[in-house]
Amino acid sequence: QVQLVESGGGLVQPGGSLRLSCAASGSISSDYNMAWYRQAPGKARELVAIITTGVTNYAGSVKGRFTISSDSTKNTIDLQMNSLEPEDTAVYYCNVRSRFWADRNYWGRGTQVTVSS
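In this report, the structure presented in the accompanying data block is examined. None of the values given here were measured: they were computed from a predicted structure.

1. Structural notes on the state of the cysteines
Evaluation of the coordinates by the stated rule reveals 1 disulfide. The residue that forms a disulfide with Cys22 is Cys94, at a sulfur-sulfur distance of 2.1 Å. Taking the sign of the S-S torsion, about -85° here, the bridge from Cys22 to Cys94 comes out left-handed. In this pair, Cys22 is assigned in strand S3 (residues 18-24) and Cys94 in strand S9 (residues 90-98), connecting sequence segments 72 residues apart.

2. Comments concerning the sheet that holds strand S1 (residues 4-7)
As summarised here, the arrangement of the 4 strands in space is S1-S3-S8-S7, forming an open sheet in which the pairing is antiparallel. Looking at strand neighbours, the two that pair on one side only are S1 and strand S7 (66-71), the edges of this open sheet. Here the strands of the sheet are splayed against their neighbours by 15° on average, with no regard to which way each runs. Relative to strand S8 (residues 76-81), S3 is paired through 6 bridges, and the arrangement is antiparallel. Bridged to Ala23 within S8 is Thr76.

3. Some remarks on the nonpolar core
Counting residues in each nonpolar core, the largest one holds 29 residues, and the members touching the most others are Trp36, Ile77, Leu79, Met81, Tyr92 and Val96. When sequence neighbours within four positions are dropped, the list of residues in contact with Val96 reads Val2, Leu4, Ile28, Tyr32, Asn33, Met34, Ile77, Arg104, Asn105 and Tyr106.

4. Side note on the side chain of Ser98
Turning to its location among the elements, Ser98 is positioned in strand S9. Among the residues examined, Ser98 registers a relative accessible area of 6% and is labelled buried. Polar contacts involving the side chain of Ser98 include one to the main-chain amide nitrogen of Phe100, which spans 3.0 Å. For Ser98, the side chain forms a polar contact with the main-chain nitrogen of Trp101, separated by 3.0 Å.

5. Some details on the pattern of salt bridges
Counted under the stated rule, the structure contains 5 salt bridges. The salt bridge involving Arg38 is made with Glu46; its shortest N-O contact spans 2.7 Å. Judged by relative accessible area, Glu46 falls into the partly exposed class, the value being 34%. With a shortest N-O distance of 2.8 Å, Arg65 and Asp88 are connected by a salt bridge. Taken together, the residues span a long stretch of sequence, with Arg65 in the loop between strand S6 (55-58) and S7 and Asp88 in the loop between S8 and S9 at a distance of 23 residues. For Arg65, a relative accessible area of 12% gives the class buried. Among the charged side chains, a salt-bridge network with shared partners connects Arg38, Glu46, Arg65, Glu85 and Asp88.

6. Focus on the environment of Ser27
The topology assignment puts Ser27 in the loop between S3 and strand S4 (32-39). The sequence separation of Ser27 and Asn75 amounts to 48 residues, and the corresponding C-alpha distance is 5.9 Å.

What counts and what doesn't
Residues numbered from 1 in each chain as written. Predicted model: local features only at pLDDT ≥ 70, side-chain atom pairs only at ≥ 80, totals over all residues. Heavy atoms only, no water. Disulfide = S-S within 2.5 Å. Helix = DSSP H or I, 4+ residues; strand = E, 2+ residues; numbered from the N terminus. Pairing = 2+ DSSP bridges. Axes fitted to C-alpha atoms, helices over the stretch in contact; angles between N-to-C directions. Core = buried A, V, L, I, M, F, W, Y, C linked by side-chain atoms within 4.5 Å. Buried < 20%, exposed > 50% of the residue type's maximum accessible area, 1.4 Å probe, protein only. Contact = heavy atoms within 4.5 Å. Polar contact = N/O pair within 3.5 Å; in protein donor to acceptor, adjacent residues only side chain to side chain. Salt bridge = Lys/Arg side-chain N within 4 Å of Asp/Glu carboxyl O.

Purely geometric numbers; function is a separate question.
Next up, the structure:
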């Protein structure tokens with residue numbers, strides 16, 4: 001069982017930056033994908049960024065602005081968000097999922113990011 005706790009959300013002006021962090025209760029093995037998702041009001045949850053087998057991928061809407069990273073010594077997964085836009089407003093969720101075991105899929109409770117002037 002892995003517990004995830006997100007932090008770092010808040011209110012920021014357009015063009016600003018935020019850094020989200022996700023703290024895991026235990027070690028995350030290399031068998032797991034690590035990702036950030038977001039869900040805006042009235043919309044489906046969408047993948048923002050993912051690390052899988054050491055490779056990072058991003059949604060087209062955030063590519064070049066967001067960077068996902070992980071620190072195995074601290075058991076954290078971070079999301080650096082730059083050049084934020086009002087469209088980035090959402091609840092952001094941390095996720096780790098085993099590539100081999102379907103029931104090993106863990107979510108944090110989310111952190112609110114609001115981009116507004």
